[in-house]
Amino acid sequence: MKRWFWVIDATVIILFAVIGREDHGFVSDIWDYLRVAAPFLLALGISIVVLRAWRDPVYWLTGLALAVGTIVMGMLLRASVWDDGTATSFIVVSAAWMVGLMVGWRLALTGFVRLRRRMAS
């Protein structure tokens, strides 16, 4: 799990792009989803390296720091490199999604591990 944490975080971002485009009724193909997800995936990669997230990838504060880095850099990349919009509502929804899920799966995993340890002892 510790070696593959980034797959879960990347999945959070990809699901955000897919659900968002579908919810707004856009006709989309794989490239449209990737165009929306790309700045955030790049920002996630940069955040992982800068934070050295592999040291404690399942700690909830790691997830929070990755989510904040992903949101801030992703929005900056989206606006400057991808030349796409960053409406306030988009920022709020994406921040809630990414913080909720990037922190949430870590908290759920930690709780599950603790519960298993209690049951085993």
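Chains are numbered independently. Their residues run from 1 in the order of the written sequence. Local features are withheld for residues below a pLDDT of 70 in this predicted model, meaning they are given only at 70 or higher, and side-chain atom pairs are given and counted only at 80 or more; totals for whole chains, interfaces and linings count all residues. Neither water nor hydrogens contribute to the side-chain values; these are computed over all heavy atoms in the structure.

A. Just helix α1 (residues 5-23), in detail. The terminal C-alpha atoms of α1 lie 27 Å apart, and with 19 residues this matches the ideal 27 Å at 1.5 Å per residue to within 8%. Those residues of α1 lying buried are Phe5, Asp9, Ala10, Val12, Ile13, Phe16, Ala17 and Arg21. The buried residues of α1 occupy an angular sector of 155° when the element is viewed end-on, so they sit on one face. Those residues of α1 that are buried lie in contact with α2 (30-51), α3 (60-80) and α4 (88-120). In the stretch just after α1, Gly25 is the one whose phi turns positive, near 75°. Secondary structure is summarised from DSSP: a helix means a run of H or I of at least four residues, a strand means a run of E of at least two, and numbering begins at the N terminus for each. Here the expected length of a helix is defined as 1.5 Å per residue gap, with one fewer gap than residues. The classification of residues rests on relative accessible area computed with a 1.4 Å probe and restricted to protein chains. Under 20% of the type maximum is buried, over 50% is exposed, and intermediate values are partly exposed. This arc is built from the directions going out from the helix axis to the C-beta atoms. Every residue pair with non-hydrogen atoms within 4.5 Å of one another is taken to be in contact.

B. Just the environment of Ile14, in detail. By the secondary structure assignment, Ile14 is in helix α1. In this structure Ile14 comes out as partly exposed when scored by relative accessible area, which is 37%. Apart from the residues lying within four places of it in its own chain, the contact partners of Ile14 are Ala37 and Leu41.

C. Broad picture of α2. Taking 1.5 Å as the rise per residue, α2 with 22 residues should run 32 Å; its terminal C-alpha atoms sit 30 Å apart, in good agreement. Two axes enter the definition of the bend at a residue: one is fitted to the seven residues ending there, the other to the seven starting there, and the bend is the angle between them. The sharpest bend along α2 measures roughly 45° and falls at Ala37, with the proline Pro39 sitting one to four residues further on. Tyr33, Val36, Ala37, Pro39, Phe40, Ala43, Leu44, Ser47 and Ile48 are the residues of α2 that are buried. For α2, the elements touching its buried residues are α1, α3 and α4. With a side-chain oxygen lying 3.0 Å from the backbone nitrogen of Trp31, the N-terminal cap of α2 falls on Asp29. Between N or O atoms, a polar contact is any pair within 3.5 Å; within protein, one atom must be a potential hydrogen donor and the other a potential acceptor, and residues adjacent in sequence are included only when both atoms are from side chains.

D. A look at unusual backbone geometry. Unusually for a residue other than glycine, Arg52 sits at a positive phi of about 50°. Its place among the elements puts Arg52 in the loop between α2 and α3. In the Ramachandran plot, Asp83 falls in the positive-phi region, its phi being about 55° despite a non-glycine side chain. Within the element layout of this structure, Asp83 appears in the loop between α3 and α4.

E. Spotlight on the side chain of Arg78. Position of Arg78 relative to the elements: it lies in helix α3. For Arg78, a relative accessible area of 11% puts it in the buried group. Polar contacts involving the side chain of Arg78 include one to the main-chain carbonyl oxygen of Gly85, which spans 2.6 Å.

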